[in-house]
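Here is what each chain is made of, one letter per residue.
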Amino acid sequence: MTTLGRERARGDVLEDARPFDLLITGGHVLDGAGQPGQVTDIGIRDGRIVALGVLKGKPARECIEAEGLIVAPGFIDIHAHSDVSLLLNPVDEPRLWQGVTTVVFSNCGLGFAPATERSLAMLKRTYAGVFGYWESPWRGGSVRQYLDLFADRTAVNVAYLIPHAAVRAMVLGLEGRAATEREVAQMVDLVHQAMEDGAFGLSVGLAYAPMRWATRDELCALLRAVREGGGFFAIHLRDYFGGLFDALAEALALAEEADVPVQISHLQAAGRKNWGKAEALLEMLDRARERGVDVTVDSYPYMAGSTFLHALLPEWAQAGDAEAILARLRDPTMRRRVVAELNVASRDWGSVIISGLSSVKNQSLVGRSLQEIAEAGTVSIGEALVRLLLEEDLHVSIVSHHGDEADVCRILQYPFHMIGSDG
Ligand SMILES: [Zn+2]
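Residues numbered from 1 in each chain as written. Predicted model: local features only at pLDDT ≥ 70, side-chain atom pairs only at ≥ 80, totals over all residues. Heavy atoms only, no water.

A. Region of the structure containing the confidence of the model for the chain. Looking at the chain as a whole, its pLDDT mean stands at 93, while 96% of the residues score no less than 70. pLDDT under 50 marks residues 1–14. Its contacts with residues more than four places away, or in other chains, come to one contact. (pLDDT = per-residue confidence, 0-100. Contact = heavy atoms within 4.5 Å.)

Dropping the structure here:
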């Protein structure tokens, strides 16, 4: 043993003599690395695990007797929409009570940084059906400025994904069109900056306006910027219903072309016609992994999903900000066209439940399906939906019961899967 070694050893002995800050005894420890659990004690000092083994009786400032309990690292909620809720309630008790200590957001391309004052106002108004109407210290700015609002305030750790819609809104508003080459270059600069500011990657939601109008060139350019920043992209697929397999192929092709890791968001086989197809989806992922695509998935353990009601409008009717959408619904000719298209859409409207809206007079509609609401008003589905959006100024959220339990369970078991709350 060298002199240096002896000194170190003496130091260790001295350090060992200090009481632990926290001693957890008798717990069944599952460390998350995949091996079987074992009963062991854990000594913690200065925020780090410094000892494992039989430690009962050693001096400690605080002891937790965990016999009969499982001790594990904090869980990661890989798919969340906590952009606003965590600012308003930094303690986030619902997650802590479930053992979640890290939250990954923004997902599905929806979020609020980076932003100018103008783009922020537009995003808040248009996505109120998901995030509610809110006031917070966030007034727009860079991703770094946004993340500073969470630093040392939130009880959970946060990992941020740059929302594609926020980047697009800064450059071309919420317009329903392809971006020009110059606009794509501006978006790429924003993504580079946001990655430098601490983002983990980019989230896109190709089912949502305005992201659905992004060309493959735009997406690949942004994804290459993400790769250069060492990140990954999470994607809400263009379609989880009839076009599910094409949408998954599209996501995998993007990852392959831009050579960037991809996380498929809340993978599910939605709609009765898709039930039983989870296995085929997972086989498609396996084949992509064999080709070298770094693809993982997340899903929530529910048969229902949630979003804002105007996401169900025909694609052309979703372009622009909230004012543009409402103006379209007020215009008699366009309104007739929207109603007609909704009435022939292949959707099980009995499974679409109103889960939130802002007016007092319509509160009795919360918990009822669009089918029921239309029947009670003796109007068509399209008419009921448009009326509700106009009366509520677009501020309507829905829960859609479209999943099958066997599929949900199968996807949860996939080895390259992580669970997320979507909350
Ligand atoms: Zn989503």
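B. Inspection of the packing of helix α12 (residues 322–330) against helix α13 (residues 332–343) at higher detail. Running from N to C, α12 and α13 point in directions that differ by 90°, and their axes come no closer than 5 Å. When the axis of α12 is compared with that of α13, the two are roughly perpendicular. Counted together, R328, L329 and R330 of α12 and P332, M334, R335 and V338 of α13 form the full contact between these two elements. Partitioning the contact of α12 with α13 into residue classes produces four nonpolar, no polar and three charged. (Axes fitted to C-alpha atoms, helices over the stretch in contact; angles between N-to-C directions. Helix = DSSP H or I, 4+ residues; strand = E, 2+ residues; numbered from the N terminus. Parallel < 35°, antiparallel > 145°, perpendicular 65-115°, else oblique. Nonpolar A, V, L, I, M, F, W, Y, C, P; charged D, E, K, R; others polar.)

C. Highlighting the environment of T154. In this fold, T154 is placed in the loop between α6 (143–148) and β10 (157–163). In sequence terms T154 and A255 are 101 residues apart; their C-alpha atoms lie 32 Å from each other. Those residues in contact with T154 that lie beyond four places of it in its chain are L86 and P90. Looking at T154, its side chain comes within polar contact range of the main-chain oxygen of V156, at 3.0 Å. (Polar contact = N/O pair within 3.5 Å; in protein donor to acceptor, adjacent residues only side chain to side chain.)

D. Geometry of the packing of aromatic side chains. Applying the stated criterion across every chain yields a total of ten aromatic pairs. Judged by centre distance (5.1 Å) and plane angle (80°), the rings of Y146 and F150 are edge-to-face. We classify Y146 as buried; its relative accessible area is 0%. By relative accessible area, F150 is classed as buried at 2%. Just above the ring of F416 sits the side chain of R289; from NZ or CZ to the centre is 3.4 Å. The aromatic ring of W316 is capped on one face by R337, whose charged end is 3.8 Å from the ring centroid. (Phe/Tyr/Trp six-rings, centres within 6.5 Å; stacked < 30°, edge-to-face > 60°. Buried < 20%, exposed > 50% of the residue type's maximum accessible area, 1.4 Å probe, protein only. Lys NZ or Arg CZ within 6 Å of the ring centre and 35° of its normal.)

E. Representation of the sheet that holds strand β6 (residues 63–65) within the structure. A sheet is described by the order of its strands in space; here four strands give the open sequence β5-β4-β1-β6, paired in mixed fashion. Each end of this open sheet is capped by a strand with a single partner; those strands are β5 (48–53) and β6. Sheet twist, expressed as the average angle between the axes of neighbouring strands with direction ignored, equals 15°. Inspection of the sheet shows strand β1 (residues 22–25) paired to β6 by three bridges, in the parallel sense. When the bridges of β6 are listed, T25 appears paired with E65. (Pairing = 2+ DSSP bridges.)

F. Molecular detail of the nonpolar core. With 85 residues, the main nonpolar core has Y146, F233, I235, I264 and L285 as its most contacted residues. Looking at this core element by element, the count peaks at eight residues for helix α10 (residues 244–258). (Core = buried A, V, L, I, M, F, W, Y, C linked by side-chain atoms within 4.5 Å.)

G. Up close: helix α4 (residues 117–126). Burial runs high along α4: seven of the ten residues are buried. For α4, every residue scored as buried is listed here: S119, L120, M122, L123, K124, R125 and T126. Buried-residue contacts for α4 involve α5 (128–131), α7 (164–172) and α12.

H. Inspection of the coordination of the zinc ion at higher detail. The protein atoms that coordinate the zinc ion are C108 (SG), H236 (ND1) and H266 (NE2), at distances of 2.0 to 2.2 Å. Every donor residue of the zinc ion comes from the same chain, spaced as C-x127-H-x29-H. Here C108, found in the loop between β9 (100–105) and α4, pairs with H266, found in the loop between β13 (262–264) and α11 (278–290); they are 158 residues apart in sequence, far enough to count as distant. Exposure class is identical for C108 and H266. Each is buried. (Donors = N, O, S within 2.8 Å, 3.2 Å for Na, K, Ca; no water.)

I. Local environment of the sheet that holds strand β7 (residues 70–71). Judged by pairing direction, the sheet is mixed, and its three strands sit side by side in the order β3-β2-β7 without closing on themselves. Lying at the two open borders of the sheet, with one neighbouring strand each, are β3 (38–39) and β7. Bridging between strand β2 (residues 28–29) and β3 involves two bridges; their strand directions are antiparallel. Directly across from H28, in β3, lies its bridge partner V39.

J. Region of interest: the packing of α12 against helix α15 (residues 381–391). Between α12 and α15, the shortest axis-to-axis distance is 10 Å and the interhelical angle comes to 130°. The orientation of α12 with respect to α15, classified from their angle, is oblique. Here α12 and α15 pass one another in a crossing that is left-handed. Two secondary-structure elements touch here, α12 through L326, L329 and R330 and α15 through V386, L389 and L390. Looking at the contact of α12 with α15 residue by residue, the classes come out as five nonpolar, no polar and one charged. (Left-handed = near helix turned anticlockwise from the far one by under 90°.)

K. Structural view of the environment of G320. By the element assignment, G320 lies in the loop between β15 (304–308) and α12. Residues G320 and T126, spaced 194 residues apart in sequence, show a C-alpha to C-alpha distance of 9.0 Å. The contacts of G320, once residues within four sequence positions are left out, are L174, E175, G176 and I325.

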